[in-house]
Amino acid sequence: GDSVTQMEGPVTLSEEAFLTINCTYTATGYPSLFWYVQYPGEGLQLLLKATKADDKGSNKGFEATYRKETTSFHLEKGSVQVSDSAVYFCALYGQNFVFGPGTRLSVLP
Amino acid sequence: EAGVTQSPTHLIKTRGQQATLRCSPISGHTSVYWYQQALGLGLQFLLWYDEGEERNRGNFPPRFSGRQFPNYSSELNVNALELEDSALYLCASRFIEWVGETQYFGPGTRLLVL
């Protein structure tokens, strides 16, 4: 079945550092890919998405590119802020929604 | 446009009691998904309702049940509560477009079983 693998956290960075959170997937066909963010004590918010190969999703300085050849959808941000501290979930929609286990990011001032 | 709403925000119960959680999807969305998120863990799929029917359920015992009403709002019922049912319960509604589907989440109900 479909599956999503994310890098294990927690990830701890200093403010203004570059962020990469790796996400790879296994799915048949061409799934849609998503990144969701969960701030402390809240539900999940859709951060960005991509629906076909080579699409780049972007929002709030975050980007991720749908790479069919490497089955990846890595999340990047050039300069993180303390307010980016949260748990980030990679997800796909093929035949069903499948979520990765989440990666906790802590950004220190 | 209002997002997905859930109530209550917090719920405290004791072992053996029943809990009822409510969800209203985004206007126009007909599908509702329920997930359980235990502390420090990822999302575990519970139930999917669409057009009033249960379409799929995750690997949870029958004491987890629910329903969807004609206005597409949904209830999740958990009977005979156990301590390990303490978790954040998230509801999501589904937006369908020609390129695929997207889930939008509510803020969650935090259930504590004592």
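This text goes with the structure placed above it.
In this report, we go over the structure that sits alongside the text. Remember, it's a predicted structure, so these values are computed and weren't measured experimentally. (Residues numbered from 1 in each chain as written. Chains lettered and ligands numbered in written order. Predicted model: local features only at pLDDT ≥ 70, side-chain atom pairs only at ≥ 80, totals over all residues. Heavy atoms only, no water.)

1. Quick look at the nonpolar core
Okay, step 1: Among the nonpolar cores identified, the biggest contains 27 residues, and A:Trp35, A:Leu47, A:Leu48, A:Phe73, A:Leu75 and A:Tyr88 are the most heavily contacted of them.
Okay, step 2: Every residue in contact with A:Leu48, bar those within four places of it in the chain, is listed here: A:Leu33, A:Phe34, A:Trp35, A:Gly57, A:Ser58, A:Asn59, A:Phe62, A:Glu63, A:Ala64, A:Phe73 and A:Leu75.
Okay, step 3: Of all hydrophobic cores here, the second largest spans 21 residues; its members include B:Val32, B:Trp34, B:Leu81 and B:Leu111. (Core = buried A, V, L, I, M, F, W, Y, C linked by side-chain atoms within 4.5 Å. Buried < 20%, exposed > 50% of the residue type's maximum accessible area, 1.4 Å probe, protein only. Contact = heavy atoms within 4.5 Å.)

2. Thoughts on the state of the cysteines
Residues and elements named next belong to chain A.
Okay, step 1: Counted according to the given criterion, the structure contains two disulfides over all chains.
Okay, step 2: Between the sulfur of cysteine 23 and that of cysteine 90 lies a disulfide, 1.9 Å long from S to S. Measuring handedness by torsion sign, the sulfur bridge of cysteine 23 and cysteine 90 sits at about -65° and is left-handed. Separated by 67 residues along the polypeptide, cysteine 23 in strand E4 (residues 23-26) and cysteine 90 in strand E10 (residues 86-93) bring together distant segments of the chain. (Disulfide = S-S within 2.5 Å. Helix = DSSP H or I, 4+ residues; strand = E, 2+ residues; numbered from the N terminus.)

3. Things to note about the interface of chain A and chain B
Okay, step 1: Contacts between the two partners involve 17 residues from chain A, matched on the other side by 20 residues from chain B.
Okay, step 2: Across the chain A to chain B interface the summed buried area is about 1,400 Å²; carbon plus sulfur atoms make up 57%.
Okay, step 3: By the criterion of area lost to chain B, the three top residues of chain A are A:Leu44, A:Phe97 and A:Phe99, representing 33% of everything that side buries.
Okay, step 4: For the interface between chain A and chain B, the tally reads zero salt bridges.
Okay, step 5: Taken together, the connections running from chain A to chain B amount to five residue pairs in polar contact (both at pLDDT 80 or more).
Okay, step 6: Residue assignment for the side of chain A that touches chain B shows that the elements contributing at least two residues are strand E5 (32-38), strand E6 (44-50), E10 and strand E11 (97-99) of chain A.
Okay, step 7: No other element matches the four residues that E5(A) contributes to the side of chain A that touches chain B.
Okay, step 8: The residue makeup of the side of chain A that touches chain B, split by class, is nine nonpolar, six polar and two charged. (Buried area = accessible area lost by both parts, 1.4 Å probe. Salt bridge = Lys/Arg side-chain N within 4 Å of Asp/Glu carboxyl O. Polar contact = N/O pair within 3.5 Å; in protein donor to acceptor, adjacent residues only side chain to side chain. Nonpolar A, V, L, I, M, F, W, Y, C, P; charged D, E, K, R; others polar.)

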